[in-house]
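Structural features, examined
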Amino acid sequence: MADSTEIDPARLPQAIDALPGIDAVRRIAERVPTFLVGGVVRDLLMGEDGVDLDIAIEGDAEALSDIPGYEPERDELFRTGRLTVGDQVIDIAQTRAETYPRPGALPEVRPAPIAEDLARRDFTINAMAFPLSEGAELVDPHEGAEDLRAGRLRVLHERSFIDDPTRALRAARYAARFGFDLDPETARLLTEADLTIVSSDRVQNELRKIAAEVDPARALQLIVDWGVMPTLDTAAPGRVAEVTRLASTPQWAGWANRELAVELATVRPLPQIRELVAATPERPSESVKLAVPWDPSQLLVARALGAEWLDQYAEAWRHVHLEITGEDMIAAGIPEGPAIGHGLEAALSGKLDGELFGRDEELQIALAAARGEILED
């Protein structure tokens, strides 16, 4: 979180000039009123680097049709097009107003000026805009910059959580990320959020965004503390914290998908994962047979729940491979069929358990096991 003294709108023009792709966006600003909006303004005010451009325009997007790199997207409800600048793709949205036909429903939208566009947003810190025009100043009708300085999360209107209950999950994500407190009135209104009237897809989408946070456990703990999602397992924050810690260790980093593991740990783990946790394999080969059928992210959840033997699997045993192949066994006289797989499995088990070394011993064990399989058949 930025220090309150660092929230200085006067520094925005210079920070905006340094944004990748901004020169191409300024070509759009020559045709229609164009604004940086929402999260990009918030993050620039906080001194964040690597922010994504979030662009809104007032007026008809038809005026942009001949701009190099711009493609209209007429089929999408909420977007007017995309601007491609090298490898960068920038979404260009038309400013709009929203009305909710009933609590929890998706909004009905219509084109509207920037002031109405900002008024429809979730929190004041996301309801700021900066025009891409000469001599422009921050557009901040809801005092979002002041809330940034105060470290405060505040909704824009009293029906905010009624209209869109998923904002309660978003509140936890932002409060955790920035270390902000809820405005007292926002905390009161939060109790009106009813996630049961929202589709599970929308809830999962918000939980997926939480999973991508640096500290997802903190956001989940807030959700538990606030009581806005009774179906969330109260043990989830602890599981997720351990998954997040393990995901950065050498054994697991770059192998298990951290975000997927966090999503899996957010819900009650499958009984089969509990079986992995309860397992006590005595030999490396037994460990490998148990672990191989599972996705690395599932294994990471099992490890977070206490299956410490999986560290060795992640670090070493999963990298063990035979020098021989099925073709070597066929060349030695074993016919194609299940016996090939049986022989290779026996050789790999021996190698994992330190009972054989080198290609010749691998082939010897594999052939013996395969011939035994054939005789048994």
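The following refers to the structure shown. It should be emphasised that the depicted structure is a prediction, and the values quoted were computed from it without experimental measurement.

Re the sheet that holds strand E8 (residues 129-131)
Judged by pairing direction, the sheet is mixed, and its six strands sit side by side in the order E3-E4-E5-E2-E1-E8 without closing on themselves. Each having just a single partner strand, strand E3 (70-72) and E8 make up the two edges of the open sheet. For this sheet the average axis-to-axis angle between neighbouring strands, irrespective of direction, equals 30°. Of the pairings in the sheet, the one linking strand E1 (residues 34-37) to E8 comprises three bridges and is antiparallel in character.

Here's the deal with helix H9 (residues 200-211)
Taking 1.5 Å per residue, twelve residues should reach 16 Å; H9 reaches 16 Å between its end C-alpha atoms and fits that length. All of the buried residues in H9 are Arg202, Val203, Glu206, Leu207, Ile210 and Ala211. Its buried side turned inward, H9 meets helix H7 (167-178), helix H10 (216-226) and helix H12 (258-266).

With respect to the packing of helix H11 (residues 236-247) against H12
Following both chains from N to C, one finds H11 and H12 inclined at 160°, their axes separated by 8 Å at the closest point. Between H11 and H12, the angle falls in the class roughly antiparallel. Of the two elements, H11 crosses H12, and the hand of that crossing is right-handed. Contact residues: H11 offers Ala236, Arg239, Val240, Val243, Thr244 and Ala247, while H12 offers Arg258, Ala261, Val262, Ala265 and Thr266. Its residues assigned to classes, the contact of H11 with H12 comprises seven nonpolar, two polar and two charged.

Some points on the pattern of salt bridges
Close approach of charged atoms allows side chains with opposite charge to pair. Going through the model one piece at a time under the given rule, you end up with 30 salt bridges. Across the salt bridge formed by Glu146 and Arg149, the nearest N and O atoms sit 3.5 Å from each other. Highlighted residues: Glu146 and Arg149, both in helix H5 (residues 144-150), separated by three residues, approximately one helical turn. Residue classification places Glu146 among the partly exposed residues on the basis of a relative accessible area of 37%. Exposure remark for Arg149: the relative accessible area of 29% places this residue in the partly exposed category. In this structure, the salt-bridge partner of Arg170 is Glu206, at a minimum N-O distance of 3.4 Å. Note that Arg170 is positioned in helix H7 and Glu206 in helix H9, a separation of 36 residues in sequence. A residue is classified by how much of its surface remains accessible, and Glu206, at 5% relative accessible area, is buried. One network of salt bridges, with partners in common, ties together Asp122, Asp164, Arg170, Arg173, Arg202 and Glu206.

What to know about the side chain of Thr266
Here Thr266 lies in helix H12. Assessed through its relative accessible area of 9%, Thr266 is described here as buried. Engagement of the side chain of Thr266 in a polar contact is seen with the backbone oxygen of Val262, the distance being 2.7 Å. For Thr266, the contacting residues outside a window of four places in its chain are Leu220, Leu232, Ala236, Arg239 and Val240.

Some points on the pairing of strand E5 (residues 88-94)
Looking at chain direction, strand E2 (residues 55-57) and E5 are connected through three bridges and run parallel. The partner of Ala56 across the bridge, within E5, is Ala93. Pairing of strand E4 (residues 81-85) with E5 involves five bridges; the strand directions are antiparallel. Note that in E5 the partner of Gly81 across the bridge is Ile92.

Regarding the packing of aromatic side chains
Aromatic ring pairs are defined here through the distance separating the ring centres and the angle between the ring planes. In the structure shown here, the tally under the stated rule is five aromatic pairs. Between Phe123 and Tyr174, the aromatic rings sit 6.0 Å apart at their centres with planes inclined by 85°, giving edge-to-face as the arrangement. Here Phe123 is found in the loop between helix H4 (114-119) and E8, whereas its partner Tyr174 is found in helix H7, with 51 residues between them in sequence. Neither Phe123 nor Tyr174 differs from the other in exposure class; each is buried.

Criteria and cut-off values
Residues numbered from 1 in each chain as written. Predicted model: local features only at pLDDT ≥ 70, side-chain atom pairs only at ≥ 80, totals over all residues. Heavy atoms only, no water. Pairing = 2+ DSSP bridges. Helix = DSSP H or I, 4+ residues; strand = E, 2+ residues; numbered from the N terminus. Axes fitted to C-alpha atoms, helices over the stretch in contact; angles between N-to-C directions. Expected span 1.5 Å × (residues − 1). Buried < 20%, exposed > 50% of the residue type's maximum accessible area, 1.4 Å probe, protein only. Contact = heavy atoms within 4.5 Å. Parallel < 35°, antiparallel > 145°, perpendicular 65-115°, else oblique. Left-handed = near helix turned anticlockwise from the far one by under 90°. Nonpolar A, V, L, I, M, F, W, Y, C, P; charged D, E, K, R; others polar. Salt bridge = Lys/Arg side-chain N within 4 Å of Asp/Glu carboxyl O. Polar contact = N/O pair within 3.5 Å; in protein donor to acceptor, adjacent residues only side chain to side chain. Phe/Tyr/Trp six-rings, centres within 6.5 Å; stacked < 30°, edge-to-face > 60°.

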